[in-house]
Amino acid sequence: MFKSIIIPKLIQYVKNSTEWHGLGEPTPISDGPGLSMIELESDILTSFGFPSIAFCYSSLLQRYGFDAENVEEKAEELFELLVQEAEAYLLSPARTTTDLLLEYKANWTTAQDALPFLGFDSTLYTGFIYQDIYLQGICSDKELIQHLQFAQDYSQDNVRHIPFEFEVLSEPQCYKHLQKEGLPYLDDYAEYLAYIADKNMWDFDIALLPSQNTDELAEYLTLTLFYITRLEIFNEESVCIDFMFPSGNSFHTITVWCELQTMNYLLRFAHYASMVAHLQLTTNDFNIITLPYVYDMFKYQGKNYEISKCEIILERLPQKEKHDADPLHYCITSIIPLKELVSEEWDNLDNLPF
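What this report covers is the structure whose coordinates are included nearby. This one's a predicted model, so the numbers in the text were calculated from it and none came from an experiment.

**Considerations on the packing of aromatic side chains**
The geometry of an aromatic ring pair comes down to the distance between the two centres and the angle between the two planes. Enumeration over the complete set of coordinates arrives at 20 aromatic pairs. Relative to F79, the ring of F2 lies with its centre 6.1 Å away and its plane at 45 degrees, an arrangement referred to as tilted. Taken together, the residues F2 in helix α1 (residues 2–22) and F79 in helix α4 (residues 71–91) connect sequence positions 77 residues apart. What makes F2 partly exposed here is its relative accessible area of 36%. Ring plane angle 20 degrees and centroid distance 6.4 Å describe the contact between F48 and F50, whose orientation is recorded as stacked. In this structure, F48 and F50 share a single accessibility class: buried. Among the aromatic residues, those joined into a ring-pair cluster are Y125, F128, Y189, Y192, Y195 and Y272. One residue, K105, lies across the ring of Y134, its end atom 4.6 Å from the ring centre. Here R160 stacks its cationic end above the ring of Y154, 4.0 Å away from the centre of that ring.

**Observations concerning helix α11 (residues 186–197)**
Its 12 residues give α11 an end-to-end C-alpha distance of 16 Å, which sits within 8% of 16 Å, the value for a rise of 1.5 Å per residue. By the burial criterion, the buried members of α11 are L186, Y189, A190, Y192, L193, A194 and Y195. Packing partners of the buried residues in α11 comprise α7 (124–134), α9 (166–169), α10 (172–181), α13 (273–276) and β6 (305–307).

**Some thoughts on the pairing of strand β3 (residues 239–247)**
For a regular strand, side-chain orientation follows a simple rule: the groups alternate between the two sheet faces. A large share of β3 lies buried, amounting to 7 of its 9 residues. As paired elements, strand β2 (residues 226–233) and β3 share 6 bridges and run antiparallel to each other. Bridged to R230 within β3 is D242. From the end of β2 to the start of β3, which pair antiparallel, there are 5 residues. The hairpin formed by β3 and strand β4 (residues 250–258) contains 2 residues between the paired strands, and G248 there has a positive phi angle of roughly 65 degrees.

**Quick word on the environment of Y104**
Structurally, Y104 can be placed in helix α5 (residues 97–107). You can call Y104 buried: its relative accessible area is 6%. Distance in space between the C-alpha atoms of Y104 and L115 is 9.7 Å, their sequence separation being 11 residues. Excluding residues within four positions of it along the chain, Y104 makes contact with T109, D113, A114, F117, L118, Y130 and L135.

**Some details on the side chain of K303**
Following the sequence through the fold, K303 ends up in the loop between α14 (297–301) and β6. For K303, the side chain forms a polar contact with the main-chain oxygen of D198, separated by 2.7 Å. If near-sequence neighbours (up to four positions away) are discounted, K303 is found in contact with Y195, I196, D198, N200, D203, M275, M297 and F298.

**Section: a nonpolar patch on the surface**
A surface patch of nonpolar side chains, about 250 Å² in accessible area, is lined by L124, F164 and I196. Position of L124 among the secondary structure elements: in helix α7. Note on L124: relative accessible area 33%, which makes it partly exposed.

**Focus on the nonpolar core**
In this structure, F243, I254 and L314 are the most contacted members of the largest nonpolar core, which totals 81 residues. Ignoring any residue separated from it by four or fewer positions in sequence, one finds F243 in contact with L223, F226, Y227, I228, H252, T253, I254, V256, L266, I312 and L314. Listed in part, the 25 residues of the second largest apolar core include M37, L45, Y64 and L81.

Quick notes on the rules
- Residues numbered from 1 in each chain as written.
- Predicted model: local features only at pLDDT ≥ 70, side-chain atom pairs only at ≥ 80, totals over all residues.
- Heavy atoms only, no water.
- Phe/Tyr/Trp six-rings, centres within 6.5 Å; stacked < 30°, edge-to-face > 60°.
- Helix = DSSP H or I, 4+ residues; strand = E, 2+ residues; numbered from the N terminus.
- Buried < 20%, exposed > 50% of the residue type's maximum accessible area, 1.4 Å probe, protein only.
- Lys NZ or Arg CZ within 6 Å of the ring centre and 35° of its normal.
- Expected span 1.5 Å × (residues − 1).
- Contact = heavy atoms within 4.5 Å.
- Pairing = 2+ DSSP bridges.
- Polar contact = N/O pair within 3.5 Å; in protein donor to acceptor, adjacent residues only side chain to side chain.
- Patch = residues over 30% accessible without salt bridge, like charges linked within 9 Å, V, L, I, M, F, W, Y side chains within 5 Å.
- Areas by Shrake-Rupley, 256 points an atom, 1.4 Å probe, with all protein chains shown as cover.
- Salt bridge = Lys/Arg side-chain N within 4 Å of Asp/Glu carboxyl O.
- Core = buried A, V, L, I, M, F, W, Y, C linked by side-chain atoms within 4.5 Å.

Everything listed here is a matter of coordinates, which is why it stays silent on function.
Given below as structure tokens:
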């Protein structure tokens, strides 16, 4: 009975997902096949007993959603996979909130994967509280749960919600209401929304920069402020990131090579970690993305991502030929947190494929 109900939903999910991907990403999920896909995803996962928005389980569905060829066979295969995962999940030992938070903090687990297992929705506000307040050591485990519970209770009637746009939050009536209600970290959240909404001097297409004088750049660079503008992931060992950093009245750009694990670690030190959380990938994600995976920050978000909470030391990579046209390739030799609350110092193992 259960299978006969779920299989048609899986078939429709694959069809909607294929149609949505065919529109070209990043396509907003506001209506049409994208909205149907998300609604079916939530329905299917909750039917199996999973949290509806935990990415580690939604990714099982997403990896089947790129084409609708042999859709009935895919639905059967996906059903069996979900049954296996559900048995493992539902039969696993119960874990306390404290144990979960210890693991999430140690692994810097993103909000979309952590919050559903704590019993809370992942929204712009709760993601900010979790990643930019809790993971930064600003509030305790107990305080985090209290803040998340406040957000859940406030939005429980589906009429009220915590604004996700600065223009709305900054309206005097809205701000004073939330202030009276006691929204945790209201001013910090307002600054966060303002930062997202503002166009900063570093938010532009780096293709507009004039040609650089490469002689100005040293063999070793130490940076405490830079911006990630583009990344390209070839595999777990080879990640290429374009950096932009201030230089006089303009900016320099360089290409930095590292491993996937190092990239994920570096993202912890963003000005707002929740802004870059979607860029954190694991090898499991390779099942649902095409390699090489390319993400252009300005193209997709209209912003370049500020990294300002660590000191990073870079070493220029040797040129294959003396007169190579582009010698601005570096590797990371160390990442030093500017605050001890975030993490310990990291040293490169120098096992890049060069």
